[in-house]
Amino acid sequence: RVDEWTDVDRKRVMNDIISAMFKKNFMEELFKPQDLYSKKALRTVYDRLAHTSIMRLNQASMDKLYDLMTMAFKYQVLLCPRPRDILLVTFNHLDAIKDFISDSPGILNQVDETFRQLIETYTCLSDGEFQLIRQTLLIFFQDMHIRVSIFLKDKVQNSNGRFVLPISGPVPWGTEVPGLIRIFNHKGVEVKRAEFTTAGNYVTPQREGSFELYGDRVLKLGTNMYSITRPVETHMSGSSKNLASQAKENIVPNPLAKEELNFLARLLGGLDIQKPAGGETGFRLNLFTTDEEEEHAAQTRPEELSYKVINIEATQEPGRRAELSRILGELEVAEPRPGSAEKGEDLLALMDGL
């Protein structure tokens, strides 16, 4: 509801969420070597991140926002010209985030530090390792075929929710335009060439994107999808509904469940949920045209796709509470605001109530 938001409100929400997202403790947990966690775990972390400010979303709007996020990311990973370009997509994300908080130096330093960690951790990986990362991510999203209006209008997504792979345009950096076959003898000497006609119109890229802290990424995947203002709707395709009904969580207890909950408890320990201070009522973000549409979406969405938030009971484990207290003691607030003294109580109340 644009009429209820001011630029100051938007700036505050963005600063709160970005500051929480790039907290030192939160980033340390994310950078630890670990298995890919479940969709429910991802949804839980995403839900907590979205509510670290005074902004609030109802279940239906949260589902819609999550659908948009997951499908946009799947599209970006799927269309990467080469596996290593996943890093350029991530850098495009961070470049855009830095623009949001360009006049908040404290938060900007948090993002830059994460930028440096990404460069140090990932730029040294081989092409094979990036291919493994890309395959792992695509396996995670392979059964998600949610139609998004912005993709449908741009004809990059079919009506069944599957993405359209282009057969024209720039080839991956370091490769040649298709159309030539070279034949070599047993000594490795080229002895014959043959040409063939391709169905696409391929071109050689002008240059490679920058993998430095600052620079031209060249790749446009991961940049702003909203350069043209338009509504964004998400809908379940028929095939997605069938797949979702067939892919219900296994009722057999997962032996790794406790470890995953422990990981989430540590991860969420770095996220302090912001409660409106004083007389503030906060802002409710509705991603639908009307409240009635939001209520209808909540009632008609398949239950197995709502990724109910995982409950974590931390009150019965003294060690866990000590760990959370240690994390709280290390939290650094770059730009103090009124009511910040209540953050510790808010976090303990959050973890106790989970």
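Cut-offs and rules
- Residues numbered from 1 in each chain as written.
- Predicted model: local features only at pLDDT ≥ 70, side-chain atom pairs only at ≥ 80, totals over all residues.
- Heavy atoms only, no water.
- Helix = DSSP H or I, 4+ residues; strand = E, 2+ residues; numbered from the N terminus.
- Buried < 20%, exposed > 50% of the residue type's maximum accessible area, 1.4 Å probe, protein only.
- Areas by Shrake-Rupley, 256 points an atom, 1.4 Å probe, with all protein chains shown as cover.
- Salt bridge = Lys/Arg side-chain N within 4 Å of Asp/Glu carboxyl O.
- pLDDT = per-residue confidence, 0-100.
- Contact = heavy atoms within 4.5 Å.
- Axes fitted to C-alpha atoms, helices over the stretch in contact; angles between N-to-C directions.
- Left-handed = near helix turned anticlockwise from the far one by under 90°.
- Nonpolar A, V, L, I, M, F, W, Y, C, P; charged D, E, K, R; others polar.
- Phe/Tyr/Trp six-rings, centres within 6.5 Å; stacked < 30°, edge-to-face > 60°.
- Polar contact = N/O pair within 3.5 Å; in protein donor to acceptor, adjacent residues only side chain to side chain.
- Core = buried A, V, L, I, M, F, W, Y, C linked by side-chain atoms within 4.5 Å.
- Patch = residues over 30% accessible without salt bridge, like charges linked within 9 Å, V, L, I, M, F, W, Y side chains within 5 Å.
- Expected span 1.5 Å × (residues − 1).
- Arc of directions from axis to C-beta.
- Pairing = 2+ DSSP bridges.

- By the naming in an unreviewed UniProt entry, the protein chain is OSCP1 protein, taken from Dryoscopus gambensis.

### Focus: the overall build of the protein chain
Phase 1: For the protein chain, the helix and strand inventory stands at 13 helices and eight strands.
Phase 2: In the protein chain, buried positions account for 40% of the 354 residues.
Phase 3: Here the protein chain has roughly 20,100 Å² of accessible surface; of this, 55% comes from carbon and sulfur atoms.

### Some words on the pattern of salt bridges
Any two side chains of opposite charge can pair, given that their charged atoms come close.
Phase 1: For the structure shown, the criterion picks out 15 salt bridges.
Phase 2: The shortest N-O distance in the salt bridge between Arg12 and Asp16 comes to 3.9 Å. Taken together, the positions of Arg12 and Asp16, both in helix α1 (residues 7–21) and four residues apart, correspond to about one turn of that helix.

### Let's talk about the confidence of the model for the protein chain
Where the model shows low pLDDT, its predicted coordinates should not be examined in detail.
Phase 1: Chain-level statistics for the protein chain give a pLDDT mean of 77 and a share of 62% at 70 or above.
Phase 2: The low-confidence segment residues 245–253, where pLDDT is below 50, has three contacts with residues more than four positions distant or belonging to other chains.
Phase 3: Segment residues 331–343: pLDDT under 50, and 19 contacts once partners within four positions in sequence are set aside and those in other chains are kept.

### A look at the packing of helix α4 (residues 59–78) against helix α7 (residues 127–141)
Phase 1: One way to put it is that α4 packs onto α7 with a least axis distance of 10 Å and a crossing angle of 145°. In this structure, α4 crosses over α7, and the sense of that crossing is left-handed. Residues Thr70, Phe73, Lys74, Val77 and Leu78 of α4 form the contact with α7, whose own contacting residues are Arg134, Leu137, Leu138 and Phe141.
Phase 2: Of the residues contributing to the contact of α4 with α7, the split by class is six nonpolar, one polar and two charged.

### What about the packing of aromatic side chains?
For any two aromatic rings, the description comes down to two numbers: the centre-to-centre distance and the angle of the planes.
Phase 1: Following the criterion strictly, the structure yields seven aromatic pairs and no others.
Phase 2: Taken together, Phe73, Phe140 and Phe141 form an aromatic cluster joined through their ring pairs.

### Points about the side chain of Ser53
Phase 1: You can see Ser53 is positioned in the loop between α3 (39–50) and β1 (55–57).
Phase 2: A polar atom in the side chain of Ser53 sits 3.1 Å from the side chain of Asp16.

### A word on the nonpolar core
Phase 1: Formed by 43 residues in total, the largest nonpolar core has its most connected members in Ile18, Phe22, Tyr75, Phe91, Leu94, Val111 and Phe151.
Phase 2: Where this core is concerned, the elements lending two or more residues are α2 (24–31), α3, α4, α5 (85–100), α6 (105–122), α7, β2 (146–148) and α8 (149–153).
Phase 3: Looking at which element gives the most residues to this core, the answer is α5, with seven residues.
Phase 4: Among all residues touching Phe91, those that are not within four sequence positions of it are Phe115, Leu118, Ile119, Ser210, Phe211 and Arg217.
Phase 5: Grouped together as the second largest cluster of nonpolar side chains are nine residues, Tyr46, Leu57, Met62 and Tyr66 included.

### Things to note about a nonpolar patch on the surface
Phase 1: Taken together, the side chains of Ile181, Ile183, Val189, Val191 and Phe196 make up a nonpolar region of the molecular surface, amounting to roughly 420 Å² of accessible area.
Phase 2: By the secondary structure assignment, Phe196 is in the loop between β5 (190–195) and β6 (202–203).

### Digging into α7
Phase 1: Taking 1.5 Å of rise per residue, 15 residues should cover 21 Å, and α7 covers 21 Å from first to last C-alpha, within 8% of that figure.
Phase 2: Taken together, the buried positions of α7 are Phe130, Arg134, Leu137, Leu138, Phe140 and Phe141. Along the axis of α7, the buried positions cluster into a sector of 155°, meaning they face one direction only. Exposed and facing more than 90 degrees away from the buried side of α7 are Gly128, Leu132 and Ile139.

### Overview of the environment of Arg182
Phase 1: Tracing the backbone shows Arg182 in strand β4 (residues 180–184).
Phase 2: Considering only alpha carbons, one finds Arg182 and Lys192, 10 residues apart in sequence, at a separation of 6.1 Å.
Phase 3: Here Arg182 is in contact with Glu176, Glu190, Lys192 and Arg193, once residues within four sequence places are set aside.
Phase 4: At 3.3 Å, the side chain of Arg182 forms a polar contact with the side chain of Glu176.

### Observations regarding the pairing of β5
Phase 1: Burial analysis of β5 places just zero of its six residues in the buried class, which makes it a mostly uncovered element.
Phase 2: Of the strand pairs in this sheet, β4 and β5 are connected by five bridges, and their pairing is antiparallel. Within β5, the residue paired with Ile183 across the bridge is Lys192.

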